[in-house]
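Inside the fold
Given next are the chains, with one letter for each unit.
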Amino acid sequence: MAKRADAGTPALKVLADRGVAHTAHPYATGAHAGDGFGDDAVRALRAGGLDVDEHRVFKTLLADVDGHLVCAVVPVAGMLDLKALAAAAGGKKAAMADPARAQRSSGYVVGGISPLGQRTALPTFLDDSAQGFATVLVSAGRRGLQVELAPADLVAVTGARTVPLRR
(Lines give C-alpha, C1' and ligand atoms only; values in the text may rest on other atoms or scores of the structure.)
Protein backbone atom coordinates (compact mmCIF):
# COMPACT_ATOMS: atom_id res chain seq x y z
CA MET A 1 0.00 0.00 0.00
CA ALA A 2 1.16 3.46 -0.74
CA LYS A 3 1.13 6.20 1.81
CA ARG A 4 -1.21 8.88 0.53
CA ALA A 5 -0.08 12.50 0.52
CA ASP A 6 -3.58 13.92 0.13
CA ALA A 7 -5.71 14.47 3.18
CA GLY A 8 -9.15 15.17 1.76
CA THR A 9 -11.04 14.23 4.93
CA PRO A 10 -10.20 14.34 8.64
CA ALA A 11 -9.79 10.54 8.50
CA LEU A 12 -7.20 10.72 5.74
CA LYS A 13 -5.48 13.67 7.42
CA VAL A 14 -5.05 11.66 10.63
CA LEU A 15 -3.49 8.80 8.69
CA ALA A 16 -1.17 11.12 6.76
CA ASP A 17 -0.16 12.99 9.93
CA ARG A 18 0.64 9.71 11.71
CA GLY A 19 2.56 8.32 8.73
CA VAL A 20 0.23 5.33 8.41
CA ALA A 21 0.39 3.40 5.13
CA HIS A 22 -3.03 3.43 3.51
CA THR A 23 -4.79 3.50 0.17
CA ALA A 24 -7.86 5.58 -0.55
CA HIS A 25 -10.49 3.90 -2.73
CA PRO A 26 -13.01 6.33 -4.21
CA TYR A 27 -16.14 4.85 -5.73
CA ALA A 28 -19.21 6.08 -7.53
CA THR A 29 -22.21 6.70 -5.32
CA GLY A 30 -25.73 6.44 -6.58
CA ALA A 31 -29.14 5.94 -5.13
CA HIS A 32 -28.94 4.24 -1.76
CA ALA A 33 -30.27 0.69 -2.18
CA GLY A 34 -31.66 0.57 1.35
CA ASP A 35 -29.74 -2.49 2.53
CA GLY A 36 -26.95 -0.47 4.08
CA PHE A 37 -24.35 2.03 2.99
CA GLY A 38 -21.67 -0.62 3.52
CA ASP A 39 -23.38 -2.96 1.07
CA ASP A 40 -23.62 -0.06 -1.40
CA ALA A 41 -19.87 0.54 -0.98
CA VAL A 42 -18.97 -3.11 -1.61
CA ARG A 43 -21.11 -3.21 -4.77
CA ALA A 44 -19.66 0.06 -6.06
CA LEU A 45 -16.06 -0.92 -5.29
CA ARG A 46 -16.57 -4.19 -7.16
CA ALA A 47 -18.23 -2.37 -10.07
CA GLY A 48 -15.17 -0.11 -10.16
CA GLY A 49 -12.86 -3.10 -10.54
CA LEU A 50 -11.69 -3.69 -6.95
CA ASP A 51 -12.03 -7.36 -6.04
CA VAL A 52 -13.04 -6.95 -2.40
CA ASP A 53 -14.48 -9.44 0.06
CA GLU A 54 -17.46 -8.04 2.00
CA HIS A 55 -15.97 -9.57 5.16
CA ARG A 56 -12.94 -7.28 4.76
CA VAL A 57 -15.01 -4.10 4.40
CA PHE A 58 -16.07 -2.73 7.77
CA LYS A 59 -18.89 -0.37 8.66
CA THR A 60 -18.69 2.20 11.43
CA LEU A 61 -21.68 2.35 13.75
CA LEU A 62 -22.20 4.68 16.68
CA ALA A 63 -24.18 3.32 19.59
CA ASP A 64 -25.41 4.56 22.92
CA VAL A 65 -24.25 2.44 25.84
CA ASP A 66 -25.90 3.50 29.09
CA GLY A 67 -26.11 7.12 27.89
CA HIS A 68 -22.59 7.32 26.41
CA LEU A 69 -21.68 7.14 22.73
CA VAL A 70 -19.26 4.46 21.57
CA CYS A 71 -17.97 3.49 18.13
CA ALA A 72 -18.32 -0.07 16.80
CA VAL A 73 -16.53 -1.23 13.65
CA VAL A 74 -17.94 -4.47 12.22
CA PRO A 75 -17.86 -6.28 8.86
CA VAL A 76 -20.40 -5.16 6.29
CA ALA A 77 -21.25 -8.86 5.89
CA GLY A 78 -22.37 -9.10 9.51
CA MET A 79 -24.57 -7.40 12.03
CA LEU A 80 -23.58 -5.67 15.25
CA ASP A 81 -24.39 -7.63 18.40
CA LEU A 82 -25.55 -4.86 20.73
CA LYS A 83 -25.31 -7.10 23.80
CA ALA A 84 -21.69 -7.90 23.00
CA LEU A 85 -20.97 -4.20 22.47
CA ALA A 86 -22.57 -3.26 25.80
CA ALA A 87 -20.50 -5.91 27.57
CA ALA A 88 -17.29 -4.80 25.84
CA ALA A 89 -17.98 -1.20 26.84
CA GLY A 90 -18.68 -2.18 30.45
CA GLY A 91 -22.35 -1.25 30.19
CA LYS A 92 -25.69 -2.92 30.59
CA LYS A 93 -27.60 -1.83 27.49
CA ALA A 94 -26.67 -0.66 24.02
CA ALA A 95 -28.85 0.84 21.30
CA MET A 96 -28.02 2.39 17.97
CA ALA A 97 -27.32 6.12 18.34
CA ASP A 98 -29.74 8.67 16.98
CA PRO A 99 -28.39 9.58 13.51
CA ALA A 100 -28.37 13.32 14.25
CA ARG A 101 -26.40 12.72 17.47
CA ALA A 102 -23.99 10.43 15.60
CA GLN A 103 -23.39 13.10 12.95
CA ARG A 104 -22.83 15.86 15.53
CA SER A 105 -20.41 13.75 17.53
CA SER A 106 -18.41 12.35 14.62
CA GLY A 107 -18.47 15.33 12.28
CA TYR A 108 -19.41 12.97 9.45
CA VAL A 109 -22.71 12.21 7.70
CA VAL A 110 -24.45 8.87 8.16
CA GLY A 111 -23.15 6.53 5.48
CA GLY A 112 -19.76 8.22 5.64
CA ILE A 113 -18.89 7.98 9.34
CA SER A 114 -15.30 6.90 9.77
CA PRO A 115 -13.73 5.49 12.92
CA LEU A 116 -10.78 7.79 12.12
CA GLY A 117 -10.61 11.53 12.69
CA GLN A 118 -13.92 11.90 14.48
CA ARG A 119 -14.72 15.33 15.92
CA THR A 120 -15.17 13.75 19.36
CA ALA A 121 -12.96 10.75 20.06
CA LEU A 122 -15.11 7.89 21.30
CA PRO A 123 -14.26 4.56 22.87
CA THR A 124 -13.87 2.36 19.81
CA PHE A 125 -14.42 -1.39 19.47
CA LEU A 126 -13.25 -3.33 16.41
CA ASP A 127 -14.68 -6.75 15.63
CA ASP A 128 -12.00 -9.39 16.14
CA SER A 129 -12.50 -10.78 12.62
CA ALA A 130 -10.39 -7.88 11.34
CA GLN A 131 -7.31 -9.64 12.67
CA GLY A 132 -7.74 -12.33 10.02
CA PHE A 133 -6.90 -9.92 7.19
CA ALA A 134 -3.70 -8.18 6.13
CA THR A 135 -5.78 -5.07 5.38
CA VAL A 136 -9.35 -3.92 5.95
CA LEU A 137 -11.40 -1.13 4.44
CA VAL A 138 -13.36 1.45 6.45
CA SER A 139 -15.06 4.68 5.52
CA ALA A 140 -12.61 7.48 4.84
CA GLY A 141 -15.08 10.06 6.08
CA ARG A 142 -17.53 10.58 3.27
CA ARG A 143 -19.85 8.54 1.12
CA GLY A 144 -17.96 7.37 -1.93
CA LEU A 145 -14.57 6.96 -0.25
CA GLN A 146 -13.10 3.98 1.60
CA VAL A 147 -9.62 3.70 3.04
CA GLU A 148 -7.61 0.48 3.19
CA LEU A 149 -5.13 -0.05 6.02
CA ALA A 150 -3.72 -2.73 8.27
CA PRO A 151 -6.00 -3.67 11.19
CA ALA A 152 -3.13 -3.04 13.62
CA ASP A 153 -2.83 0.51 12.30
CA LEU A 154 -6.57 1.04 12.69
CA VAL A 155 -6.29 -0.12 16.30
CA ALA A 156 -3.26 2.08 16.94
CA VAL A 157 -4.79 5.25 15.50
CA THR A 158 -8.23 4.86 17.10
CA GLY A 159 -7.19 3.21 20.36
CA ALA A 160 -9.72 0.50 19.57
CA ARG A 161 -10.22 -2.65 21.60
CA THR A 162 -10.53 -5.75 19.43
CA VAL A 163 -13.45 -7.89 20.61
CA PRO A 164 -16.13 -10.19 19.11
CA LEU A 165 -18.96 -7.86 18.03
CA ARG A 166 -20.74 -9.53 15.14
CA ARG A 167 -23.63 -11.90 15.07
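Read on for an overview of the structure. Here the structure is a predicted model, which means the values were calculated and not measured.

The subject of this paragraph is the overall build of the protein. A count of helical and extended segments in the protein gives 5 helices and 8 strands. Along the protein, helices and strands appear, N-terminal first, in the series α-β-α-β-β-α-β-α-β-β-β-α-β. Over its C-alpha trace the protein gives a radius of gyration of 15 Å, about what one expects of a compact globule, namely 15 Å for 167 residues. Principal-axis analysis of the C-alpha atoms gives the protein an extent of 40 × 35 × 30 Å. Going through the 167 residues of the protein one by one, you find that 46% of them count as buried. For the protein, contacts bridging at least 24 residues in sequence account for 61% of all contacts bridging at least 6. Just so you have it, the protein exposes about 7,900 Å², and 53% of that area is on carbon and sulfur atoms.

Further remarks concern the layout of surface pockets. If a probe the size of a water molecule is rolled over the atoms, the empty space left behind becomes visible. Put simply, the largest pocket is a space of about 480 Å³. Those elements giving two or more residues to the lining of the largest pocket turn out to be α2 (37-47), β2 (58-65) and α4 (99-106). Of the residues contributing to the lining of the largest pocket, the split by class is 14 nonpolar, 7 polar and 3 charged.

As a further point, take the sheet that holds strand β1 (residues 23-26). Spatially, β1-β7-β6 is the arrangement adopted by the 3 strands of the open sheet, whose pairing is antiparallel. Looking at strand neighbours, the two that pair on one side only are β1 and β6 (136-142), the edges of this open sheet. Neighbouring strand axes in the sheet, compared pairwise and without regard to direction, differ in orientation by 35 degrees on average. Here β1 runs beside strand β7 (residues 145-149); their pairing, made up of 4 bridges, is antiparallel. Among the inter-strand pairings, T23 is bridged to a residue of β7, identified as E148.

Glancing now at the environment of H22. The topology assignment puts H22 in the loop between α1 (10-18) and β1. Among the polar contacts made by the side chain of H22, one reaches the main-chain carbonyl oxygen of V20 at a distance of 2.7 Å.

A sheet is described by the order of its strands in space; here 5 strands give the open sequence β4-β2-β3-β5-β8, paired in mixed fashion. The open sheet has two free edges, formed respectively by β4 (94-96) and β8 (161-163), since each of these has just one partner strand. Across the sheet, the mean angle from the axis of one strand to that of its neighbour is 35 degrees, orientation sign disregarded. Here 3 bridges tie strand β3 (residues 68-75) to strand β5 (residues 124-127), and the two strands are oriented parallel to one another. The partner of A72 across the bridge, within β5, is F125.

So, how was this worked out
- Residues numbered from 1 in each chain as written.
- Predicted model: local features only at pLDDT ≥ 70, side-chain atom pairs only at ≥ 80, totals over all residues.
- Heavy atoms only, no water.
- Helix = DSSP H or I, 4+ residues; strand = E, 2+ residues; numbered from the N terminus.
- Rg over C-alpha atoms; globule rule 2.2 N^0.38 Å.
- Buried < 20%, exposed > 50% of the residue type's maximum accessible area, 1.4 Å probe, protein only.
- Contact = heavy atoms within 4.5 Å.
- Areas by Shrake-Rupley, 256 points an atom, 1.4 Å probe, with all protein chains shown as cover.
- 1 Å grid on protein atoms, 1.4 Å probe; cavity = no way out; pocket = protein on both sides within 12 Å on 5 of 7 lines; lining within 4 Å.
- Points joined across faces, edges and corners; volume = space filled by probe spheres on them.
- Nonpolar A, V, L, I, M, F, W, Y, C, P; charged D, E, K, R; others polar.
- Pairing = 2+ DSSP bridges.
- Axes fitted to C-alpha atoms, helices over the stretch in contact; angles between N-to-C directions.
- Polar contact = N/O pair within 3.5 Å; in protein donor to acceptor, adjacent residues only side chain to side chain.

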